[in-house]
Structures are given as C-alpha cells and as structure tokens.
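Structural description and commentary
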Amino acid sequence: MHWSDVIAERLALDGNDHIIATGITPSGEFHIGHLREILTGDMITRAARRAGLNAELVFVVDNADPLRKVYPFLDASYEEFIGHQLGAIPAPDKDGKPDWERFENEGWSYGDHFLKPFLEALKQIGVEPRLIPNLTSYREGKFASSAKKACDDPDAIREIIERVSGRELPTDWFPWQPVDSKGSLDGLTITGYEYPLVMWTDQYGVNGQSDITKGEGKLPWRLDWPAKWGFNNITCEPFGKDHGAAGGSFATGVEIAAFFGHKPPQSLVYEWISLRGKGAMSSSSGNTVGPIEALRLVPPEILRLLIANSKPNKAIEFDTGMGLVNLADEYERLSSRDFTEELSSEKLSRRQRVQIEDAQAALRLSMVSAGERAEATSVSFRHLALLAQIKLRDDGIWSSLKESGAISDPSSVLSDRLTRMRAWIESKHFPEEMRIVILKQPDEASLSKLDEEQRMVIPHIAAELEAAEWTAEGITQAFKNAAIHAEAPMRSMYRACYAMFMGSERGPRLAPILANCIREDVCMLAHACSARLP
RNA sequence: GGGCCUGUAGCUCAGUCAGGUAGAGCGUCGGACUUUUAAUCCGAUGGUCGCGGGUUCGAACCCCGUCAGGCCCGCCA
C-alpha cells in the first residue's frame, strides 16, 4: 500500500472530517525541501479524499516567528529587525534593503515577500492549500484560550517541557513572549501577569503590557504549535525529522495539547532533501534550488513524482543532473504502463502486486490535478534532450518525431516539456554527459581504442567529407562512400566517426549534427584524426 | 549521554507494520532491426537481504545484541 493510503487508513479510524496541516516559517527563500512538507500534506489529503473522507489541506504561514539573524541576502540595516516578527517588518528590495514604501502603503511584509513565489510554484504544481497566516491568528485572538491556560499555570507547562525534553528552562521563563517597545521578542523580562495582560520591561528599560488576546506577543514555539492544533482543528500533520526527535517539539506538543484540552494530530515524520553532493539544503547558506527554478527545468508532475515515489522516511538526494533525467524517464515509463492489466494477472506474488499498486499510486499522485490521467508522450526525456540540442527550431523536432512515427501531432504536454527542456539545457544543471559536443581536437584516448579495421576508414571519411554536399543527406552519403572505399562494414565506419567527432563509442545520428557545424572545422578535425594514425 | 532513520543485485530503491519460493527500474552483456536521433524490441547476467545469536516447521521481515553511515535533542521542512 502506498504510504499516503496508510495514513489515510489511519485517519479513517478517527472520523470523517480531517484537516491536514503543513507549516513553514517564511524567513528566506523557499526551496524544494519545503516542497516536501507541502506535497506530503497534499498527497495525504488526496489519499484521504480517495478513501471517502472529507479532507482539507491548510498551510500555516509562521509569520509570527521572529527574524533570527541578518541573512547573507539581507542588508546590514536588518540588524534592527532581529527578534521582530516576520509578518511585521518590511520586505527586502533588490539590494536587500528594507522596502519601507511597500510596507507602509500595501502592508507588504518580509513574510509575504518570500511566500508569494512559493505559492505561485505551488499553484503550478497543483497544490492550493487554505492559508493561515499565524500572525493574523494571534491578532484575532485565536490563541487566547491556550495562552490563558499556559499563563495561568506556567509551572505545569514548565514541568512538561523540562521532563519530556530533558532540558532546563531559565528561572524567569514565562509561556508568553511579549513584543517590546521596538517590536522585538528578545530580551524582555516578565514582571507580572493578570489576565489578559502580561507586564514586561524591555532591554531599554521601557515598561509595558502585552494583551495575550490581541497578539501583542506570541507563545514560544513549543506551545505555539500545539495551540494551533486546537483552534485550527488539525487532525494530521507531517513534519520534518527535526521536530520528531525524542524530546523534540512534537513530543512536548503532545502533552501540552492534552493540557490545553485537545488531541494531537496524527503525525508523520519525513526526512530531509539534500542537494546531491552538497549536503542539506539551507536558505541562509545559499545552497538551494528554489521551486520556481526547479519548475523551469522539469514539469510539475515530475517534481511530484520525486516525493510520491519516496517513502517519507527516506532521505532524498535531489540531483539536477542525471538524476533528473532518470526521474523523468521513470515518469514516462510509469505513464505508459497499463496497471489494470498488470494487476489482473493471477500469477502475481503478493510482493509483485504491492509493487505494482505502489507504482500506480505514485503516478496518480504525480498528476497536477487529482483524478487526471497520465498522458504518455512516448518520447523519453533523454530522447527529447537530444532533439532539443540538435534542432534549434521546435517544428524541426516535431517533424522528425512524426517521421519516426513517435507522434502524430505535438501535444501541449510535449511542447510544454520541450520549453522546459530548452531552459534546462541552457542552465548550469544540465549534465555534461548528456551534452552533445563536437570535438575541436582529436581525442587520442578514443582513437586509440579503435581496431585496425575501424582506423582504416578514417582517411576515407576525411576525404569524402571534403567532397560532400553539406547537408544531412550529403553527409550520410559521404559516410556510405567512405565505408565502401575502405571495404569496411558500416558498423566500423560509425565507430570511427564517433571516436573522431565526439570522442565516444556511440552517439546520436551524426549527419544532421555535422550539417549544423561549420564544414571547415569538421574537415580539419577529420584530417587531424587521419594524421594521428600510426 | 538520550533518541530517530538507514544498511537488500554494480547503482537507485520496493518488499519489514499482517513471517510462507528474493522483487523492480537503471546499468552491464548478448541478439534483432542488411546500424542507430545515447532509440526501440527480445533475451541473459546479477543478492551468504550489514554481522552474530534467539523465537519458529519456516525469518530480509519478529526479539536481543553488534557494526557501519546519516541525522535530531536552541532555531530550521
């Protein structure tokens, strides 16, 4: 059974109505690691609906969280905002400086700035969750009841956190973080509490009061999270392994939720996504691939497949090179399979059956719109990558695909894919081994691997190319002539060609590629190869 | 120190929750297509399931131990 269906089955035991929550702090640029959070939630939601449940996906935007530090992409002037809530400070402009104008005129905040492109990517990828800006929840008093319980009995909360997490809280710890005279959550001393007011003194010596029913502050994270489960009626929430460790915020959250008087959600811990060879993704280190950037390269269904096809507890190494090619080809294969027929076989072992069912579920979850059928393009990513490099114009590709009988007319899926393919080829992510490069200098290593018969053809190739008509047809004819004159089979002739022009043993059809190259360059290379012969 | 996850074919991983003949894809090799857009099709190859013990008629799966790798325990998806 697919992992999403396992969760859906568990949810069904708890009733019919479910709210699946995801939550992210918009502290910097979003990356595909964040996509796992949202997509995991989305896939659970779809699976739950498929199981006949009433399910909704929500995205809690943690814009009540404070700015932790001045990230490299921020101007030094952000120093004054450290400790301030992300939804209450201006967004950085192009230079990383605070954009006061937009902040004051449109209320455009730091959190909005990073959230917006992520939401656009989500839309493309078929995820449109209900947004719950956390700062708004605070200001609307949604946290009031939980905050009151905590402030009325700080010792109970303290006991839970200290016992479950095993760490000691400072003696002046209080379960409410007021906003100080300048807007920061840091460096305050709590001097008293009388519902609904928390009295404080800030680091500048200013005294003030924070109304816990009006969002003049926030709950610390370990209380904030379980409080949200309550008033948002969360029944299920996937979260990263950082929260899932023993003594982590989920463990304390479970008990704190009970203290607040509601049930914790069904949980699912997922592993992180790292960039191949570069370690964990992190917005602050700049070691990221953003969802928008990823979508420029690959279609959304393939990004979805990446998540759907990996169990949540599997760490994913996102590889924008060959890994992406394999993933895309995997998608193509999946979409051309007939699962119904495969499953109708009586001979399947339980194991094989499970495998087929999981593949079917993964493909289903990869669709941008739930319920949509996968459309096989019958052109692999690999193949398209070749064509896109050889033919500079799209119609050239379509006509060549028609000739080979692969397609009759280019579908919108396929032309969309070609657009992204071209972007990918131009990007730094395109793998070198897929790149078609005609050599400039003879490649000694490849030439030396040729046998006697293959070498014999080289001078003939050089001579025939000199005389050839410089078109794909003319060059093909020259190749044939060379083989005939050398009295060698075509196989040997091609081997020699690939060694000469590409430094490889095999490759794509050469004639059309060479026809796009400058004749003098090709001939010079051919003669140079010929001259290297022993 | 406490805890989590991972370890199965050359590679990426299913299969472990419900014990019952070891599975896919990729790769590799071979063949076909009187040689080709790294194509496609067919076939073959390939594993003491990290290691040791235990339970069982039977263990990749359950239990105990152990080794290795990754990670978490202020914040981070």
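Here is what the cut-offs are and how they apply
- Residues numbered from 1 in each chain as written.
- Chains lettered and ligands numbered in written order.
- Predicted model: local features only at pLDDT ≥ 70, side-chain atom pairs only at ≥ 80, totals over all residues.
- Heavy atoms only, no water.
- Helix = DSSP H or I, 4+ residues; strand = E, 2+ residues; numbered from the N terminus.
- Rg over C-alpha atoms; globule rule 2.2 N^0.38 Å.
- Buried < 20%, exposed > 50% of the residue type's maximum accessible area, 1.4 Å probe, protein only.
- Contact = heavy atoms within 4.5 Å.
- Areas by Shrake-Rupley, 256 points an atom, 1.4 Å probe, with all protein chains shown as cover.
- Pairing = 2+ DSSP bridges.
- Axes fitted to C-alpha atoms, helices over the stretch in contact; angles between N-to-C directions.
- 1 Å grid on protein atoms, 1.4 Å probe; cavity = no way out; pocket = protein on both sides within 12 Å on 5 of 7 lines; lining within 4 Å.
- Points joined across faces, edges and corners; volume = space filled by probe spheres on them.
- Nonpolar A, V, L, I, M, F, W, Y, C, P; charged D, E, K, R; others polar.
- Near = heavy atom within 4 Å.
- Polar contact = N/O pair within 3.5 Å; in protein donor to acceptor, adjacent residues only side chain to side chain.
- Core = buried A, V, L, I, M, F, W, Y, C linked by side-chain atoms within 4.5 Å.
- Domains from an automatic or database assignment.
- Salt bridge = Lys/Arg side-chain N within 4 Å of Asp/Glu carboxyl O.
- Phe/Tyr/Trp six-rings, centres within 6.5 Å; stacked < 30°, edge-to-face > 60°.
- Lys NZ or Arg CZ within 6 Å of the ring centre and 35° of its normal.
- Buried area = accessible area lost by both parts, 1.4 Å probe.

**A closer look at the overall build of chain A**
- Each helix and strand counted, chain A has 24 helices and 13 strands in total.
- In terms of overall size, chain A is more extended than a compact globule, its C-alpha atoms giving a radius of gyration of 30 Å where 534 residues would be expected to give roughly 24 Å.
- With respect to the three principal axes, the spread of C-alpha positions in chain A is 100 × 65 × 40 Å.
- Across the 534 residues that make up chain A, the buried fraction comes to 50%.
- A fraction of 69% describes how many contacts in chain A between residues 6 or more apart in sequence connect residues 24 or more apart.
- As displayed, chain A offers around 25,400 Å² of accessible surface, 48% of which is attributable to carbon and sulfur atoms.

**Focus: the sheet that holds strand β5 (residues 189-194)**
- With antiparallel pairing, the three strands of this open sheet are ordered in space as β5-β6-β7. Lying at the two open borders of the sheet, with one neighbouring strand each, are β5 and β7 (207-211). The mean inter-strand angle of the sheet, taken between neighbouring strand axes irrespective of direction, is 25°.
- Relative to β7, strand β6 (residues 197-201) is paired through five bridges, and the arrangement is antiparallel. Bridge pairing in β7 links Met199 to Gln209.

**Section: the layout of surface pockets**
- The calculated volume of the largest pocket comes to roughly 1,400 Å³.
- For the largest pocket, the lining is made up of 50 residues, of which Thr25, Asp65, Arg68, Trp221 and His243 are closest to its centre.
- Of all elements in the fold, only β1 (17-24), α2 (32-50), β4 (177-178), β5, α8 (221-231), β9 (236-240) and α9 (241-244) reach the threshold of two or more residues within the lining of the largest pocket.
- Grouping the constituent residues of the lining of the largest pocket by class yields 24 nonpolar, 16 polar and ten charged.
- In this structure, the second largest pocket encloses a volume near 600 Å³.
- Around the second largest pocket sit 21 residues that line it, and Leu387, Lys391, Ser400, Arg509 and Pro512 are the ones nearest its centre.
- Among the elements of the structure, α16 (381-390), α17 (394-403), α21 (472-486) and α23 (510-515) are those that each provide at least two residues to the lining of the second largest pocket.
- Residues of the lining of the second largest pocket, tallied by class, amount to twelve nonpolar, five polar and four charged.

**Comments concerning the protein's contact with RNA strand B**
- What surrounds RNA strand B is a group of 41 residues, the closest being Tyr270, Arg351, Ser400, Arg491 and Arg509.
- Measuring from a sugar or linking oxygen of RNA strand B, one finds a side-chain N or O atom of His383 at 2.9 Å.
- Within the residue set of the surface near RNA strand B, elements represented by two or more residues are β1, α2, β9, α9, α13 (322-335), α15 (350-366), α16 and α22 (490-501).
- For the surface near RNA strand B, the class distribution of residues is 16 nonpolar, twelve polar and 13 charged.

**Details of the nonpolar core**
- One finds Phe59, Leu67, Tyr110 and Phe318 to be the most contacted residues of the largest nonpolar core, which totals 84 residues.
- The leading source of residues in this core is α2, at eight residues.
- Each of domain 1 (1-297) and domain 2 (381-434) gives at least three residues to this core.
- One finds Val457, Met493, Ala499 and Phe501 within the second-largest nonpolar core, a separate group that totals 36 residues.

**Comments concerning the side chain of Asp180**
- Of note, Asp180 is situated in the loop between β4 and β5.
- Polar side-chain contacts of Asp180 include one of 2.8 Å to the backbone nitrogen of Gly183.
- Not counting residues within four places of it along the chain, the set of residues in contact with Asp180 comprises Asp186, Leu188, Trp200, Asp202, Gln203 and Tyr204.

**Looking at the pattern of salt bridges**
- Going through the model one piece at a time under the given rule, you end up with 26 salt bridges.
- Among the salt bridges present, the one from Arg417 reaches Glu332, with a minimum N-O distance of 2.8 Å. Taken together, the residues Arg417 in helix α18 (residues 412-426) and Glu332 in helix α13 connect sequence positions 85 residues apart. Side by side, Arg417 and Glu332 carry an identical accessibility label, which is buried.
- Its salt-bridge partner being Arg422, residue Asp394 comes within 2.8 Å of it at the nearest N-O pair.

**A closer look at the packing of aromatic side chains**
- According to the stated counting rule, one finds 24 aromatic pairs in the structure shown.
- Consider the rings of Phe381 and Trp424, whose centres lie 5.8 Å apart with planes at 50°: the pair is tilted. Of the two residues, Phe381 sits in helix α16 while Trp424 sits in helix α18, which places them 43 residues apart along the sequence. Neither residue differs from the other here; Phe381 and Trp424 are each classed as buried.
- Here the aromatic cluster, defined as three or more aromatic residues joined through ring pairs, consists of Tyr71, Phe73, Tyr78, Phe81, Trp100, Phe103, Tyr110 and Phe114.
- A cation over a ring is seen here: Arg102 above Trp108, with NZ or CZ 4.2 Å from the ring centre.
- Note that Lys148 overlies the ring of Tyr195, its terminal NZ or CZ placed 5.1 Å from the centroid.

**Examining the domain arrangement of chain A**
- Domains assigned within chain A are domain 1 (1-297), domain 2 (381-434) and domain 3 (444-531).
- When each unit is reduced to the centre of its C-alpha atoms, the spacing between domain 1 and domain 2 is 42 Å.
- Each side of the interface is counted separately: domain 1 has five residues, and domain 2 has seven residues.
- A buried area of about 520 Å², summed over both sides, lies between domain 1 and domain 2, and 51% of it is on carbon and sulfur atoms.
- If you sort the residues of domain 1 by the area they bury against domain 2, Glu293, Arg296 and Leu297 come out on top, with a joint share of 80%.
- Viewed at the interface, domain 2 and domain 1 are joined by zero salt bridges.

**Quick notes on the pairing of β5**
- Sheet topology places β5 next to β6; five bridges connect them, and they run antiparallel. Bridge assignment links Glu194 to a residue of β6, and that residue is Leu197.
- Where β5 hands over to β6, the hairpin turn is made up of two residues, counted between the paired strands.

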